[in-house]
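# Close look at the chain arrangement
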Amino acid sequence: MLEIIGVSKTFYPGTANERVALDNVSLNLDEGDFVTIIGSNGAGKSTLLNIIGGSLRVDYGGVVVNGEDVTWLKEHHRARDISRVFQDPSAGTSPHLSIEENLAVALDRGKPHTLRRALTRKRREEFRTQLATLEQGLEDRMKHRVGLLSGGQRQALSLLMASFTHPKLLLLDEHTAALDPERAELVLRLTGTKIAEQGLTALMVTHNMDHALRLGNRLIMMHEGKILRSLNAREKARTSVNDLLEFFSKEKGMLSDRTLLA
């Protein structure tokens, strides 16, 4: 489903600020894989997602999604197959559009429909049903502007919009980091449910080791632009947060000050 082939990316090359973000990274995901990624600050986690999503170009290497080489494909073309939820709750929605209009935009991504045609009675009924699964009461506020919602509500809506069209690949970039613990747990639970129900292939970046162990069937550990270790489902089940801490300490002698031990 996803092949990352020897990808390298350096920012500000040839200057005093040169920084290697990714160093010959290779990774394969099968259809239905849900992979969590952890690592210290500057490990290259978000850079990897940006390259997969198309907002950054590689220096070397390639990206293949569902058998198609998308390495040089522009971001808006990749959006037909790749959906993303960002750390900032405001990044995945349009604040001046209503909830139902945001959902219509997500549903018609890449299609030549207008909002007037998209907001049919049948679709509104579908939107109401889907919104009810978020447990936020948004099904009764479909005409409200999204800018009026709380951060947790907007992130839950972003998750629904990202999964609405059953994308070939779902990217989750620290999508609970800006939420309070209660809202973060709700969005994480919704994340697991949506991915399982739709059988989505997903990559989730997180600083929270407990979340990385609880969700998904694989775990990737990154540091300084490289993948240090990859755990399968069985290995994850036998691994604790303390094990991960010990591994990072032993291998690199440092941990991110943003690493959470919840």
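So, here is what we can say about the structure in this document. Everything quoted here is computed from the prediction, not taken from an experiment.

## Things to note about helix α1 (residues 45-53)
When you tally the buried positions in α1, you get 7 out of 9 residues, the bulk of the element. Within α1 the residues assigned to the buried category are Lys45, Thr47, Leu48, Leu49, Ile51, Ile52 and Gly53. Among the residues trailing α1, Gly54 stands out with phi positive, at a value near 100°.

## Some points on the nonpolar core
Among the nonpolar cores identified, the biggest contains 32 residues, and Ile99, Leu103, Phe127, Leu131 and Leu157 are the most heavily contacted of them. Within the residue set of this core, elements represented by two or more residues are α3 (99-107), α5 (121-132), α6 (151-163), β7 (169-173), α7 (181-198) and β8 (202-205). Per element, the largest residue contribution to this core is 6 residues, and it comes from α6. Setting aside anything within four residues of it in sequence, one finds Leu131 in contact with Ile99, Leu103, Leu138, Glu139, Met142, Leu157 and Leu160.

## Topic: the pattern of salt bridges
Side chains that differ in sign of charge can pair as their charged atoms come close. Per the stated rule, a full pass over the model turns up 11 salt bridges. Residues Arg84 and Asp173 are paired through a salt bridge, measuring 3.0 Å at the closest nitrogen-oxygen approach. Of the two residues, Arg84 is situated in strand β6 (residues 82-85) and Asp173 in strand β7; the sequence distance between them amounts to 89 residues. Residue class for Arg84 comes out buried when judged on its relative accessible area of 15%. A relative accessible area of 9% places Asp173 in the buried class. Each of Glu100, Arg124 and Lys143 takes part in a single network of salt bridges with overlapping partners.

## Digging into the environment of Thr133
Along the polypeptide, Thr133 turns up in the loop between α5 and α6. Sequence-wise, Thr133 and Leu190 are 57 residues apart; in three dimensions their C-alpha atoms are separated by 8.3 Å. Excluding residues within four positions of it along the chain, Thr133 makes contact with Leu190 and Lys194. At 2.5 Å, the side chain of Thr133 forms a polar contact with the backbone oxygen of Gln130. There is a polar contact of 3.0 Å between the side chain of Thr133 and the side chain of Lys194.

## As for unusual backbone geometry
Working note: non-glycine residues mostly have negative phi, and peptide bonds are mostly trans. In this structure, Glu135 takes a positive phi of about 60° despite not being glycine. Positive phi, close to 50°, is recorded for Glu174, a residue that is not glycine. Position of Glu174 relative to the elements: it lies in the loop between β7 and α7.

## Some words on the environment of Ala21
Residue placement: Ala21 occurs in strand β2 (residues 19-29). Overall, the relative accessible area of 0% leaves Ala21 in the buried class. Taking the C-alpha atoms as reference, Ala21 lies 19 Å from Phe86; in sequence the two are 65 residues apart. Leave out the neighbours within four places in its chain, and Ala21 touches Lys9, Thr10, Phe11, Ala43, Gly44, Thr47 and Gly225.

## A look at the packing of α3 against α6
Relative to each other, α3 and α6 sit at 30°, their axes nearing to 9 Å. Between α3 and α6, the angle is such that the two are roughly parallel. When the axes of α3 and α6 are compared, the crossing they make is right-handed. Of the residues in α6, those in contact with Ile99, Asn102, Leu103 and Ala106 of α3 are Leu157, Leu160 and Met161. Of the residues in the contact of α3 with α6, the class split is 6 nonpolar, 1 polar and no charged.

## Thoughts on the pairing of strand β4 (residues 60-65)
Relative to β4, strand β1 (residues 2-11) runs antiparallel, the two being bridged by 5 bridges. Bridged to Ile4 within β4 is Val63. Inspection of the sheet shows β4 paired to strand β5 (residues 68-69) by 2 bridges, in the antiparallel sense. The partner of Val65 across the bridge, within β5, is Glu68. The hairpin formed by β4 and β5 contains 2 residues between the paired strands, and Asn66 there has a positive phi angle of roughly 55°.

Basis of the calculations
Here the residue numbers are simple positions, counted from 1 along each chain's written sequence. With the structure being a predicted model, the display of local features is reserved for residues of pLDDT at least 70 and the display and counting of side-chain atom pairs for 80 or more, all residues being used for whole-chain, interface and lining totals. To obtain the side-chain values, all non-hydrogen atoms of the structure were included, while hydrogens and water were left out. Remark: exposure states derive from per-residue accessible area (1.4 Å probe, protein chains only) relative to the maximum for the residue type, with buried under 20%, exposed over 50%, and partly exposed in between. Elements are defined by DSSP. Helices are runs of H or I of four residues or more, strands are runs of E of two residues or more, and each kind is numbered from the N terminus. Only buried residues count toward a nonpolar core, which is a set of Ala, Val, Leu, Ile, Met, Phe, Trp, Tyr and Cys residues joined through side-chain atoms within 4.5 Å. In this analysis, two residues are considered to be in contact whenever any of their non-hydrogen atoms come within 4.5 Å of each other. Salt bridges are identified by distance alone: a Lys or Arg side-chain nitrogen within 4 Å of an Asp or Glu carboxyl oxygen. Two N or O atoms count as a polar contact when they lie within 3.5 Å, although within protein this holds only if one can serve as hydrogen donor and the other as acceptor, and sequence-adjacent residues are included solely when both atoms are side-chain atoms. In this analysis, axes come from line fits to C-alpha atoms, helices being fitted only over the stretch in contact, and the angle between any two N-to-C directions falls in the range 0 to 180 degrees. When describing relative orientation, an angle under 35 degrees is termed roughly parallel and one over 145 degrees roughly antiparallel, while 65 to 115 degrees is termed roughly perpendicular and anything else oblique. Should the near helix be turned counterclockwise from the far one by less than a right angle, the crossing is left-handed, whereas a clockwise turn marks it as right-handed. Lys, Arg, Asp and Glu make up the charged group, whereas Ala, Val, Leu, Ile, Met, Phe, Trp, Tyr, Cys and Pro make up the nonpolar group; the residues left over, Gly among them, are polar. Paired strands are those between which DSSP finds at least two bridges.

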